[in-house]
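Tertiary structure, described
Residue-level listing of the chains:
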Amino acid sequence: MIDVVYFAWVRERIGVPREQVETKAATVRDLIAELRGREERYDLAFSDTSALRVAVDQTLADFDAPLEGAREIAFFPPMTGG
Amino acid sequence: MDIRVQEAAFDVGAELNSFTARAAGAGAVVSFSGLVRDVNGGLRAMTIEHYPGMTEKALTEIAQQAVTRWALADAFVVHRYGQLKVGELIMMVATAAPHRADAFAAAEFLMDYLKSRAPFWKKEETGNGADWVAAKDADEDALKRW
C-alpha cells in the first residue's frame with residue numbers, strides 16, 4: 001500500500017486529497033497508467049503529465065522514479081509560491 | 001536560520017527588527033516581502049494551499065543552499081497559507097551577510113527558488129469565478145541564472 005496525495009486542481013479533479021492505493025507499479029509512470037485505467041476522473045487529471053509535477057516521499061522526482069520503498073507519492077501542478 | 005509556514009498574519013517590521021538583532025556581526029541585511037496583488041476583475045480572495053511537511057523541508061533546503069553559497073550569517077523565510085485578501089502579506093525573506101551584494105543575491109535566489117520549488121499553490125477568486133494561478137515559464141527560467 002502506498003499513500004497518494006493530490007494538491008490544487010489535481011485534488012479537485014480527483015475529488016479526494018489523499019488515498020491509499022494497492023499497487024505493484026514499479027515507477028511513477030506505471031502508477032499513473034494504473035490510476036488512469038481505473039476511472040475517468042483519474043484519466044482526466046493525468047491526461048497531460050507535462051502539466052504535472054510529482055514528489056516521492058516529499059522530494060521532487062521525475063516520472064521514471066522507482067516506487068520501491070516509497071511511502072507517499074504526491075501529484076500537483078507546477079508550484080506558485082512567493 | 002528561521003523557516004516558518006503559517007496561516008496567521010505576521011508583522012513585517014517586528015520580524016525584520018528581530019532578524020536584524022539576531023544577525024550580530026553581519027554588515028548587511030536585505031528583506032523582501034510579497035503582498036497579495038489585485039487583478040483584472042477585482043480579487044475577492046486568494047487561497048494558498050501547501051503540502052505540509054514537504055513545504056518546510058523544501059524551504060529549509062533552499063535556505064540552507066543560500067546560506068552555504070553566500071556564506072550568510074543568517075536567513076529567514078516566512079510564508080503564509082489559507083485565505084488572504086488584497087494587500088495582505090503573503091511571505092517575507094530576509095538575509096544577513098557581511099556585504100550587501102551577497103545579501104541581495106541570496107535574497108533573490110531564495111525568491112526565485114521558493115516561487116517554483118516550494119510546494120505552494122495559489123487560487124484566485126474574482127468576479128469571474130475562481131481559478132488556480134498558472135506557473136509562468138519566466139519563473140522556471142529564472143532558476144537558470146543560478
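Up top you'll find the structure we're talking about.
Residues numbered from 1 in each chain as written. Chains lettered and ligands numbered in written order. Predicted model: local features only at pLDDT ≥ 70, side-chain atom pairs only at ≥ 80, totals over all residues. Heavy atoms only, no water.

As for the overall build of chain A
Formally: Secondary structure is summarised from DSSP: a helix means a run of H or I of at least four residues, a strand means a run of E of at least two, and numbering begins at the N terminus for each. Only protein chains enter the accessibility calculation, which uses a 1.4 Å probe; a residue whose area is less than 20% of its type maximum is buried, one above 50% is exposed, and one in between is partly exposed.
Helix and strand counts for chain A come out as 3 helices and 5 strands. Reading chain A from its N terminus to its C terminus gives the helix and strand order β-α-β-α-α-β-β-β. Expressed as lengths along the three principal axes of its C-alpha atoms, the size of chain A is roughly 35 × 30 × 20 Å. Among the 82 residues that make up chain A, the fraction classed as buried is 46%.

Brief notes about the layout of surface pockets
Selection criterion: Cavities and pockets were defined on a 1 Å grid built from protein atoms only: a cavity is a group of points that admits a 1.4 Å probe but offers it no way out, a pocket is an open group of points flanked by protein on both sides within 12 Å along at least five of seven lines, and a lining residue is one with an atom within 4 Å of any such point. Grid points are joined across faces, edges and corners, and a volume is the space filled by probe spheres set on the points. Side-chain classes are defined by residue name, with Ala, Val, Leu, Ile, Met, Phe, Trp, Tyr, Cys and Pro counting as nonpolar, Asp, Glu, Lys and Arg as charged, and the others, Gly among them, as polar.
By volume, the largest pocket amounts to about 380 Å³. Taken together, 20 residues line the largest pocket, and the ones lying closest to its centre are A:Gly82, B:Arg37, B:Lys115, B:Lys122 and B:Lys136. Those elements that place two or more of their residues in the lining of the largest pocket are strand S2 (28-35), helix H3 (100-117) and strand S7 (120-126) of chain B. Ranked by residues supplied to the lining of the largest pocket, first place goes to S2(B) with 3 residues. In the lining of the largest pocket, the residues fall into 10 nonpolar, 4 polar and 6 charged.

What about the packing of helix H2 (residues 54-69) of chain B against H3(B)?
Residues and elements named next belong to chain B. Going by this rule: Angles run from 0 to 180 degrees between N-to-C directions of axes, and those axes are lines fitted to C-alpha atoms, restricted for helices to the stretch in contact. When describing relative orientation, an angle under 35 degrees is termed roughly parallel and one over 145 degrees roughly antiparallel, while 65 to 115 degrees is termed roughly perpendicular and anything else oblique. Put simply, a crossing is left-handed when the front helix is turned counterclockwise from the back one by less than a right angle, and right-handed when it is turned clockwise. The contact criterion used throughout is that any non-hydrogen atoms of two residues lie within 4.5 Å.
Closest axis-to-axis distance for the H2/H3 pair is 10 Å, and the angle between their directions is 155°. Overall, the two elements H2 and H3 adopt an arrangement that is roughly antiparallel. Relative to H3, the crossing made by H2 is right-handed. Taken together, the residues of H3 that come into contact with H2 (itself represented by Ala58, Leu59, Ile62, Ala63, Gln65, Ala66 and Arg69) are Ala106, Phe109, Leu110, Tyr113, Leu114 and Arg117.

Topic: the interface of chain B and chain A
When the parts of a complex come together, some accessible area is lost, and that lost area is often taken as the interface size. Defined as follows: As a working definition, buried area equals the accessible area (1.4 Å probe) given up by two parts on being put together, with both sides summed. When a carboxyl oxygen of Asp or Glu is within 4 Å of a side-chain nitrogen of Lys or Arg, the pair counts as a salt bridge. Throughout this description, a polar contact denotes any pair of N or O atoms lying within 3.5 Å of each other; where both atoms belong to protein, one of them has to be capable of donating a hydrogen while the other can accept it, and for residues adjacent in sequence the pair is counted only when both atoms sit in side chains.
Each partner contributes residues to the interface: chain B has 25 residues there, and chain A has 21 residues. Summed over both partners, the interface of chain B with chain A comes to about 1800 Å²; 56% of that surface belongs to carbon and sulfur atoms. At the boundary of chain B and chain A, one finds 2 salt bridges. One salt bridge connects B:Glu49 with A:Arg11, and the closest N-O pair in it is separated by 2.4 Å. Counting across the chain B and chain A interface gives 15 residue pairs in polar contact (both at pLDDT 80 or more). Among the secondary structure elements, those contributing two or more residues to the side of chain B that touches chain A are strand S3 (43-50), H2, strand S6 (89-97), H3 and S7 of chain B.

Points about H2(B)
Residue and element names in this part refer to chain B. Note the threshold: Each helix should span, by expectation, one fewer than its residue count multiplied by 1.5 Å.
Across its 16 residues, H2 extends 22 Å between first and last C-alpha, which sits within 8% of the 22 Å expected from 1.5 Å per residue. All buried positions along H2 are accounted for by Met54, Thr55, Ala58, Leu59, Ile62, Ala63, Ala66 and Val67. One or two residues past the end of H2 sits Ala71, with phi positive at roughly 45°.

Considerations on the sheet that holds strand S2 (residues 18-21) of chain A
All names here are of chain A. To be explicit about the condition: In short, DSSP must find at least two bridges between two strands for them to pair.
Spatially, 5 strands are ordered S2-S1-S5-S3-S4 in an open sheet, and the strand pairing comes out mixed. Each end of this open sheet is capped by a strand with a single partner; those strands are S2 and strand S4 (59-61). Strand-to-strand twist of the sheet, defined as the mean angle between neighbouring strand axes without regard to direction, takes the value 30°. Summarising the sheet, strand S3 (residues 53-56) and S4 pair through 3 bridges and their orientation is antiparallel. When the sheet's bridge partners are listed, Ala55 is paired in S4 with Leu60.

A closer look at unusual backbone geometry
Residues and elements named next belong to chain A. A positive phi is found at Asp57, a non-glycine position, where the angle reads about 50°. Here the phi dihedral of Gln58 falls at roughly 65°; this positive angle occurs in a residue that is not glycine. As for its placement among the helices and strands, Gln58 is situated in the loop between S3 and S4. Residue Gln58 is classed as partly exposed on the basis of its relative accessible area of 21%.

Considering the packing of aromatic side chains
The condition that has to hold: Stacked, tilted and edge-to-face are the three classes applied to pairs of Phe, Tyr and Trp rings, where Trp contributes its six-membered ring and a pair requires centres within 6.5 Å; stacked means planes under 30 degrees apart, edge-to-face means over 60, and tilted covers the rest. Placement of a positive charge over a ring is assigned whenever Lys NZ or Arg CZ falls within 6 Å of the ring centre and within 35 degrees of the normal to the ring plane.
Evaluation of the coordinates by the stated rule reveals 12 aromatic pairs over all chains. Where A:Phe7 meets B:Trp121, the ring centres are 5.0 Å apart and the plane angle is 15°; that geometry is what we call stacked. Of this pair, A:Phe7 sits in the loop between strand S1 (2-6) and helix H1 (8-14) while B:Trp121 sits in strand S7, each in a different chain. The two residues A:Phe7 and B:Trp121 agree in class, both being buried. Ring centres 5.0 Å apart and planes at 55° place the aromatic pair A:Phe76 and B:Trp121 in the tilted group. Here the residue A:Phe76 occupies a position in strand S5 (residues 72-76), and B:Trp121 occupies one in strand S7, the pair thus bridging two chains. For A:Phe76, a relative accessible area of 0% gives the class buried. Above the plane of the ring of A:Tyr42 lies A:Arg38, whose end atom (NZ or CZ) is 5.4 Å from the centre.

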